[in-house]
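Read off the chains here:
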Amino acid sequence: MRRLRACLGAAAAVGLAAAGATALVAGSASGATSALDNRWYAAAPYLMPLDNDPPDPAAIMDATGLKAFQLAFVLAPNGGGCTPTWDGTAPVGSDTAVRSVIDTIRAKGGDVSVSIGGYGGTKLGQACADPASTAAAYQQVITKYGLRAIDFDLEEPEYENTAAIRNEIGAAKILQQNNPGLYVSVTTAGTADGTGWFGKQMLLEAKAQGFTPNNFSIMPFDGGFNGAASQTAALTKFNGVLRSTFGWDEATAYAHEGFSGMNGRSDTGEYFAQADFQTVLDYATDHHMDRFTFWSLNRDRQCTPADNGGRTSGTCSSVAQNAWDFAKYSVKFAGLTPPTTTPTPTPTPTPTAPASCEPAWSATTAYTAGAEVSYGKHNWKAKWWTQNETPGASQWGPWQDEGAC
């Protein structure tokens, strides 16, 4: 999905590294407010500011008391290179759209963390030559937005690439050293055993480089999970993995452990309702875990009948809920009590007649960004170049659902 181009040279990397100690101060001049308590950065749910029908963060803040957002995702450019972009398409250097979102949040007393990586696409760790140039690319993001927090979302397919993971972990360590007080989280896949082989190899790479972030978080979904009990069991197993890898005692391991869930219906058809989130929140609080977050605020609203249809959506949860129900668990983790009043639900819009179907999707056809096809009685629009990737197979895939046809 994403391609490559030449990275920033070593000289540029060294120059940015040397400037790193003042990066947060420079960032403050570019619009940052006072840093929030680390508990807020640990509680920040994911928000895609440019895709999946982005909700208004100000409205979420007013309705829930939420103060922090985890903006996703910074990637390498689709056309190649070692410069940061939003979703592989929007260069950070010339960005104004995400800047506007951040300014809105900060104007209301909140703040953001930025997440790099995610599922699919080409990551900067894959495109850049070494840890220094990878860190230099991320430093541009930190400096532009005056960041006090950053998240390394290391999962498929990148975490199967040992050189890329070496670059990412090395970059995280450089950023941590050059930006005093920077909150750094590392997020990876969850399994019934805590995390899988590649996740464990990533932890070993961190140990070898002498890097310790604020937390290592797992995502216990899309792996045969069935509600909160299976998730807390995985968190217990992951605690054991952290202990055996780093030599920590149980309490120290929990203090460096995090949970990153998925609200509602997962990609593989698992369901996680509000009661599951409460159970995991209780576990995280009781064990003094460092992070509780979820994917995503774009999905933290009830589907309309036309949206739902028993599938996973990037814009709604596929479970019965009031808007922003799941965000309130992040607010609780941060130590506040969300408002108890329930907003009047927005009336379900009257369904309109389905659109005409576009030409049928073909596995052998190469599609460019903006191409439209039909599949499964829905129209789909390509987000980027793609071939033989089934529409709707993954919410992070190349196809945007345009509705029934």
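Residues numbered from 1 in each chain as written. Predicted model: local features only at pLDDT ≥ 70, side-chain atom pairs only at ≥ 80, totals over all residues. Heavy atoms only, no water.

Peer 1: Before we go on, may I ask you to explain the state of the cysteines in this structure?
Peer 2: Two cysteines joined by a covalent bond between their sulfur atoms form a disulfide. Applying the stated criterion to the full structure yields two disulfides. Across a sulfur-sulfur distance of 1.9 Å, cysteine 82 and cysteine 128 are joined as a disulfide pair. In this structure, the disulfide formed by cysteine 82 and cysteine 128 twists by about 105° around the S-S bond and is classed as right-handed. One end of the pair, cysteine 82, is in the loop between β2 (68–75) and β3 (85–86); the other, cysteine 128, is in the loop between α6 (124–127) and α7 (131–145), and 46 residues separate them in sequence. Covalent S-S linkage joins cysteine 303 and cysteine 316, the inter-sulfur distance amounting to 2.1 Å. When the S-S torsion is 95°, as for the bridge of cysteine 303 with cysteine 316, the disulfide is right-handed. Linking cysteine 303 in the loop between β12 (291–295) and α13 (327–334) with cysteine 316 in the loop between β12 and α13, this pair joins segments that are 13 residues apart in sequence. The exposure classification of cysteine 303 matches that of cysteine 316, with both residues buried. (Disulfide = S-S within 2.5 Å. Helix = DSSP H or I, 4+ residues; strand = E, 2+ residues; numbered from the N terminus. Buried < 20%, exposed > 50% of the residue type's maximum accessible area, 1.4 Å probe, protein only.)

Peer 1: Please clarify how the nonpolar core should be interpreted in this entry.
Peer 2: Side chains of nonpolar character tend, in soluble globular proteins, to be buried together. One finds Phe69, Leu71, Ile150, Phe152, Phe216 and Phe292 to be the most contacted residues of the largest nonpolar core, which totals 93 residues. Considering every element that reaches this core, the biggest residue donor is helix α10 (residues 228–246), with seven residues. Excluding residues within four positions of it along the chain, isoleucine 150 makes contact with Ser113, Val114, Ile116, Tyr138, Ile142, Leu175, Leu182, Tyr183, Val184 and Ser185. Core analysis: the second largest hydrophobic core is formed by six residues, Trp361, Tyr367, Val373 and Trp399 among them. (Core = buried A, V, L, I, M, F, W, Y, C linked by side-chain atoms within 4.5 Å. Contact = heavy atoms within 4.5 Å.)

Peer 1: Help me understand the side chain of threonine 245, please; the structure alone is not making it clear to me.
Peer 2: Secondary-structure assignment places threonine 245 in helix α10. When its relative accessible area of 9% is taken as the criterion, threonine 245 is described as buried. When sequence neighbours within four positions are dropped, the list of residues in contact with threonine 245 reads Leu203, Leu204 and Lys207.

Peer 1: Honestly, the pairing of strand β14 (residues 372–375) in this entry has me stumped. Any pointers?
Peer 2: As judged from the four bridges shared by β14 and strand β15 (residues 378–382), these two strands associate in the antiparallel manner. Pairing of glutamate 372 across the sheet is with lysine 381, part of β15. What sits between β14 and β15 in their antiparallel hairpin is a turn of two residues, with glycine 376 showing a positive phi close to 60°. (Pairing = 2+ DSSP bridges.)

Peer 1: In this structure, what is going on with the sheet that holds β14? I would like to understand it.
Peer 2: Backbone hydrogen bonds hold the strands of a sheet together, and the pairing may be parallel or antiparallel. The three strands are arranged β14-β15-β17 in an open sheet whose pairing can be described as antiparallel. At either end of the open sheet lies a strand with only one pairing partner, and these are β14 and β17 (399–404). The mean inter-strand angle of the sheet, taken between neighbouring strand axes irrespective of direction, is 30°. (Axes fitted to C-alpha atoms, helices over the stretch in contact; angles between N-to-C directions.)

These results come straight from atomic positions and should not be treated as a statement about function.
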